[in-house]
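If you want the building blocks of each chain, they are given just below.
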Amino acid sequence: MLTQAPKGTRDMLPQDAYLWQWIEQKEREAAKLAGYREIRTPVFEHTELFLRGVGDTTDIVQKEMYTFKDKGDRSITLKPEGTAGAVRAFIENHLFQEALPCKVYYLNAPIFRYENPQSGRLREHHQFGMECFGGKEPTVEAELISTLYGFLTGLGLKNLCVHINSIGCPECRPKYHQALKNYLGERIHEMCETCQGRFEKNPLRILDCKEEKCKAIVKDAPLILDCLCDECREHFEQLQALLTAQGIPFQIDPHIVRGLDYYTKTVFEIIMQAGREGLALCGGGRYDGLVEQLGGPATPAAGFGIGAERILMELRNQNLLPEMPSVTDVYVANLGADMKIPAFTFAQGLRTKGVKADSDLAGRSLKAQFKFADKIGAKYIVIVGGDEYARGTVKLRNMESKEEKELPLDSAAEEISAMIQK
Ligand code: HAM
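In this text the structure is predicted, and so the values were computed from the model without any measurement.

Rules of the game
- Residues numbered from 1 in each chain as written.
- Predicted model: local features only at pLDDT ≥ 70, side-chain atom pairs only at ≥ 80, totals over all residues.
- Heavy atoms only, no water.
- Helix = DSSP H or I, 4+ residues; strand = E, 2+ residues; numbered from the N terminus.
- Rg over C-alpha atoms; globule rule 2.2 N^0.38 Å.
- Contact = heavy atoms within 4.5 Å.
- Areas by Shrake-Rupley, 256 points an atom, 1.4 Å probe, with all protein chains shown as cover.
- Lys, Arg positive; Asp, Glu negative; His and termini not counted.
- Charge placed at Lys NZ, Arg CZ, Asp CG, Glu CD.
- Axes fitted to C-alpha atoms, helices over the stretch in contact; angles between N-to-C directions.
- Parallel < 35°, antiparallel > 145°, perpendicular 65-115°, else oblique.
- Nonpolar A, V, L, I, M, F, W, Y, C, P; charged D, E, K, R; others polar.
- Pairing = 2+ DSSP bridges.
- Patch = residues over 30% accessible without salt bridge, like charges linked within 9 Å, V, L, I, M, F, W, Y side chains within 5 Å.
- Salt bridge = Lys/Arg side-chain N within 4 Å of Asp/Glu carboxyl O.
- Buried < 20%, exposed > 50% of the residue type's maximum accessible area, 1.4 Å probe, protein only.
- Domains from an automatic or database assignment.
- Near = heavy atom within 4 Å.
- Polar contact = N/O pair within 3.5 Å; in protein donor to acceptor, adjacent residues only side chain to side chain.

J.: Before we move on, could you go through the overall build of the protein and cite the residues and values that matter?
T.: Counting its regular elements, the protein contains 15 helices and 16 strands. A compact globule built from 422 residues should have a C-alpha radius of gyration of about 22 Å, whereas the protein, at 28 Å, is more than 25% larger. Overall size of the protein, expressed as C-alpha extent along the three principal axes, is 95 × 50 × 45 Å. Sequence-distant contacts, at least 24 apart, represent 69% of the contacts inside the protein between residues at least 6 apart. Accessible surface, the protein: about 21300 Å² in total, of which carbon and sulfur atoms supply 51%. For the protein, the centre of its 53 positive side-chain charges and the centre of its 59 negative side-chain charges are spaced 3 Å apart.

J.: Outline the packing of helix α1 (residues 14–33) against helix α11 (residues 308–317), listing residues and values.
T.: Remark: α1 packs on α11, axes separated minimally by 11 Å, with the N-to-C direction vectors making an angle of 110°. Taken together, the axis directions place α1 and α11 in an arrangement best described as roughly perpendicular. Taking contact as the criterion, the partners of Leu-19, Trp-20, Trp-22, Ile-23 and Glu-27 in α1 are, on α11, Ala-308, Glu-309, Ile-311, Leu-312, Leu-315 and Arg-316. Of the residues contributing to the contact of α1 with α11, the split by class is eight nonpolar, no polar and three charged.

J.: Kindly report on the sheet that holds strand β4 (residues 75–78), identifying the contributing residues and their values.
T.: The strand order across the open sheet formed by three strands is β2-β4-β3, and the pairing between neighbours is antiparallel. Strands with a single pairing partner mark the edges of an open sheet, and in this sheet they are β2 (44–46) and β3 (67–69). The average undirected angle you get between the axes of adjacent strands in this sheet is 35°. Examined bridge by bridge, β2 and β4 share three bridges and lie antiparallel to one another. Paired with Phe-44 across the two strands is Leu-78, which belongs to β4.

J.: Give me the lowdown on a positive patch on the surface, citing residues and values where you can.
T.: A contiguous patch of positive charge, built from Arg-364, Lys-367, Lys-371 and Lys-375, is present on the exposed surface. Note that Lys-371 resides in helix α13 (residues 366–375). Judged by its relative accessible area of 60%, Lys-371 is exposed.

J.: Which residues make up the domain arrangement of the protein, and what are the values?
T.: Domain annotation of the protein identifies domain 1 (14–172 + 228–317) and domain 2 (330–421). Averaged C-alpha coordinates put domain 1 and domain 2 at centres separated by 49 Å.

J.: Please set out the pattern of salt bridges residue by residue, giving values where relevant.
T.: As enumerated under the stated definition, the model contains 33 salt bridges in all. In this structure, Glu-38 engages Arg-40 in a salt bridge whose closest nitrogen and oxygen atoms are separated by 2.8 Å. Overlapping salt bridges, with partners in common, bring together Asp-59, Lys-63, Arg-198 and Lys-210 in one network.

J.: So, the pairing of strand β16 (residues 404–408): which residues are in play, and what are the values?
T.: Looking at chain direction, strand β15 (residues 393–398) and β16 are connected through five bridges and run antiparallel. Bridge pairing links Arg-397 to Glu-404 in β16. As consecutive antiparallel partners, β15 and β16 are separated by five residues, and within that stretch Lys-402 has a phi angle of approximately 65°, a positive value.

J.: Account for the site of the ligand, with residues named and values stated.
T.: In the region of the ligand, 27 residues are neighbours, and Glu-81, Glu-115, Glu-131, Tyr-263 and Leu-281 sit closest. In the environment of the ligand, a nitrogen atom lies 2.6 Å from a nitrogen or oxygen atom belonging to the side chain of Glu-115. Here the ligand, which alone exposes 650 Å², has 96% of that area covered by the protein. When contributions to the shell around the ligand are tallied by element, the ones reaching two or more residues are β6 (124–133), β10 (280–286) and β11 (301–307). Looking at the shell around the ligand residue by residue, the class counts come to eleven nonpolar, nine polar and seven charged.

J.: Hey, could you go over the pairing of β15 for me, with residue numbers and the actual values?
T.: Judged from the four bridges that link them, strand β14 (residues 380–384) and β15 form a sheet pairing that is antiparallel. Residue Val-382 lies in a different strand from β15, and its bridge partner there is Leu-396.

J.: Describe the environment of Leu-157, with residues and values.
T.: Within the fold, Leu-157 resides in the loop between α5 (138–154) and β7 (160–166). Each C-alpha atom of the pair Leu-157 and Asn-319 lies 9.5 Å from the other, and the pair is 162 residues apart in sequence. In contact with Leu-157, other than residues within four places in its own chain, are Leu-152, Leu-281, Glu-314, Leu-315, Gln-318 and Leu-320.

Structure below.
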């Protein structure tokens, strides 16, 4: 137990750090080019925020939150998603008084859900998300989807499928709720208890149930796309025209309802064409009512979230992971105890010239230092000591070609730096 991470969590190990950094750099670039600025919000929030924001009939709130009482008897919840925290920060810090739209992104924020751990479902995962506050036009969703699509294809990913749907607004959704209730009728009693509980309160949620018997019943349910009001229909059509103009392949998928209650109008997911057990790579949509619902001024908004672990899983499936860069370019070996200070100083000098350099920290023999340098993949070894040092030089050895040459001590660091940068 002591040396076992909790179920559904993963360490990010040093050998994987470069992959996370690579993805994060691309995420930052993509968000920055679209005018989004970074936001960081706390890992935990008051539970009430998610009850009201995410919705008390969702799976996330009903089954998956990590909720506890703190020492002050407050109910606290580890963030089960990123949007509610961003909205809370937008309201609390009066960001609505700044130039709108206000566009923010969060970079691989830790998210906690008590899910059944299986391939692609973790209890702690990390989301890159972009949220736009104050834009009512479908250009907002088009910008989000284009940025996301560009980011994913920029990583080399292929077979991406953008699925879009509209789930209406407070104007047209009641009509759909009624159509759904009429369709379900008496059959609601054949459905699971959770669905029965959702029937009166939030029938749309029933479409999101993962139980086979419920899925079979809702398979032929009426579609919300057939109940949209004029404004929602027009918004959805404009979004399609915008995506078409960007050459982004998309599919209308009337079955997407998303697992969170705040959505209005557009919802979207990017899934892999191969369809890995229905796992979405990314999900998002418009949430025009949420800011007001949480106590802020009426502000249209939209965003998406994408799990870093899912991106990595897909990159691995498509054989697209870049090679690990070397940890050290140059290992500086000492030829004995009296050479420790000059070798250490030489390595420090290389670092100041931008060369990744390392030296002995373990009191090893020359042979053991060579072995270590080889293990960590150093491209070169500099040997400090012996006759060369007495002559005011050091020996440089290319680990691959085994070629050796002598360099004057006072210009060696400069020369090595120029060589490596080339
Ligand atoms: P979500 O669809 O629940 O949406 O999650 C977004 C993404 O997070 C998923 O598509 C997936 O990549 C990743 N993800 C979710 N759950 C897990 C899990 N258990 N293990 C690994 N990865 C997971 C949201 O959270 C919304 N806040 C997105 C949003 C932002 N909508 C508007 N703005």
